[in-house]
Amino acid sequence: MASITLSMIVKNEEKHLRECLESCKGIVDEIVIVDTGSTDKTLLIAEEYGAKIFHFEWVNDFSAARNCALQNSTGDWILYLDADERLTKESYSFLKKIKKDTAKTGYYCTVKSLDSEEGRDNAMSYVRLFTNSRNIYFTGSVHEQILPSLKDERYSLKDSSVVIEHIGYNVDYEKKKEKAERNIKLLTAEYQKVKSTYYAFQLALTNEVLENYTEAKNYFLICAGDHNFSKIYRAHSYSSLSLLYFKEHNLHEAENNVVKSLTLRSNDGFTNLLASKIYLRIGDYRKALNYSLFAEKFNDELKKGKLKQEYAIFLTEEETYFGILTACEKLGRTDYIKIYYRKWIEYVKCCDNTNNKPAESISKIIRSDSLDSGEIDSVVNYANRKNLDLLLLIVKRSGINNQTKYLLERLSSKFPASDEVKKLLADLYVKLGMHAEAYQIYNDLYANGTEDPSVYFNLLSFYVSSNQVEKRLELIEEIEKKFSSIPEVSRSIELIKSRFLQTI
């Protein structure tokens, strides 16, 4: 019977290490840990699990540390993990099966990264399990790879049912930024040394986290244009470019790149949902609906394990419902509207673990019924970053009244960074005749650089009504410059100019 070594490198991982080792208990035969300078209880935890511990002086090279661990691993098979990863119990049966074999093989494992901050988990396939050999080694100082070495040694590469959960990205933005800032120096040095498209891709992703969007775009363009690069990563690069152009309101390039991404990989839920958002902005609501329905279909297949992908982003049900319902509201498709509001209510019921009964309160909002303060509390308590857009969609339907005002004010307090909540609240203030309060919100949103063109138009209406000619002209010019690629905006601004500019 063959043996399995769990091979790891660590530094100050007392927070994560115990759960990682516990997840592998009873299925691995040897634990080899290379420590690069821990000062906490990491090594004490490792000793509890009988790990063989080796010390390695950190030289800004992850591969060097990984290779030290490999050199000290005696098992027939190597499974390598990070401390913030956990082996799922569903993987045990496969690992037991491969113990009967020692053929030169590398197995792709699914690494599922949990991300409650962004609301989207993702999964990627990496070779994390392979037969041990003195000729196998990691390359690259950061985002180290074993695959090139396995290919050089003519290993057979196969899929497996091994799933590894990664919780390292399940942190706030500041922690992600800190990790990205550490990696970008190593990645830049590696890319300058070896102009690898793989490292260009990693630089693109890292710059994206750091909000260096120009640099991210340049690296994604390199990746998308390399026809020898992985088809999956090229598709990802095109969809990332599309999203960046979309944020810049460059709808022509956003559409162009999302089409290229879908040509390479048509069954990706995230890219189909992005296409839906682009066509909503363009005003092609039928295409928007079709793509959002595709997004739901592929996302459902992915979650049920019917769709195997090398790289995939898991969407929430609520964001797919939002895409479908937004398009249906524009098209007046009452049939779909009824179906998907019903589906959403059922989803809320399934997810609710409290006694607040948010599903009943949400149903009342959809029907435009009155809510008492407790029911409004249940909606506010249920609201989170993942479902906020969908909640706001039904609030828009609930009519102009003090109940809606109170609900939006509560949501604004809970989500102070949400421009959409503030904008809806300001819109309601206008309808309730609270013009000073509305103006203050629009002005604040504008001063903070909102990307929502409707805020500019609402602010413009204040300048028109208060006869602030100079500010009106400046804002019209800014709208034309900033949002010229959005057809609806261009049409509206031309109409405004024809009505008002001749009176100045």
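Remember, it's a predicted structure, so these values are computed and weren't measured experimentally. (Residues numbered from 1 in each chain as written. Predicted model: local features only at pLDDT ≥ 70, side-chain atom pairs only at ≥ 80, totals over all residues. Heavy atoms only, no water.)

1. Thoughts on the side chain of S239
What counts here: Each helix is a run of DSSP H or I of at least 4 residues and each strand a run of E of at least 2, with the numbering of both proceeding from the N terminus. N or O atoms closer than or at 3.5 Å make up a polar contact, with two conditions inside protein: a donor-capable atom paired with an acceptor-capable one, and, for residues adjacent in sequence, both atoms drawn from side chains. We call two residues contacting when some pair of their heavy atoms lies within 4.5 Å.
The topology assignment puts S239 in helix α9 (residues 231-247). Side-chain polar atoms of S239 contact the backbone oxygen of H236, separated by 2.9 Å. Not counting residues up to four positions away in its chain, the partners in contact with S239 are S261, T271 and L274.

2. A word on the environment of K423
Relative to the assigned elements, K423 resides in helix α19 (residues 419-431). Discounting chain neighbours no more than four positions away, the residues touching K423 are Y442, L445, D452, S454 and V455.

3. Some words on the nonpolar core
Spelled out, the test is: In this text, buried Ala, Val, Leu, Ile, Met, Phe, Trp, Tyr and Cys residues form a nonpolar core when linked through side-chain atoms within 4.5 Å. The rule is simple: take the accessible area with a 1.4 Å probe, protein chains only, and divide by the maximum for that residue type; under 20% is buried, over 50% is exposed, in between is partly exposed.
Residues Y341, W344, I362, I394, L407, L411 and I479 are the most contacted members of the largest nonpolar core, which totals 112 residues. Among the elements that make up this core, the one with the highest residue count is α9 (8 residues). Those residues within four positions of L411 in sequence are excluded, and the remaining contacts are V380, A383, L392 and V421. Grouped together as the second largest cluster of nonpolar side chains are 32 residues, C20, I33, L81 and L95 included.

4. Examining the pairing of strand β2 (residues 30-35)
A regular strand places its side chains on the two faces of the sheet in alternate fashion. Rules: Here, any two strands with at least 2 DSSP bridges between them count as paired. A clockwise course of the path from the first strand over the helix to the second, judged with the strands pointing away from the viewer, identifies a crossover as right-handed.
With 6 of 6 residues buried, β2 is to be regarded as a mostly interior element. Pairing geometry for strand β1 (residues 4-10) and β2, over 6 bridges, is parallel. If you follow T5 over to β2, its bridge partner there is E30. For the crossover that starts at β1, traverses helix α1 (residues 17-24) and ends in the parallel β2, the hand is right-handed. Looking at chain direction, β2 and strand β3 (residues 52-55) are connected through 4 bridges and run parallel. Bridge assignment links V34 to a residue of β3, and that residue is F54. Considered for its hand, the β-α-β crossover made up of β2, helix α2 (residues 42-48) and β3 is right-handed.

5. Digging into unusual backbone geometry
You will see that N60, though not glycine, has its phi angle at about 55°, which is positive. Residue placement: N60 occurs in the loop between β3 and α3 (62-71). Backbone geometry at E211 places phi at a positive 65°, although glycine is not the residue there.

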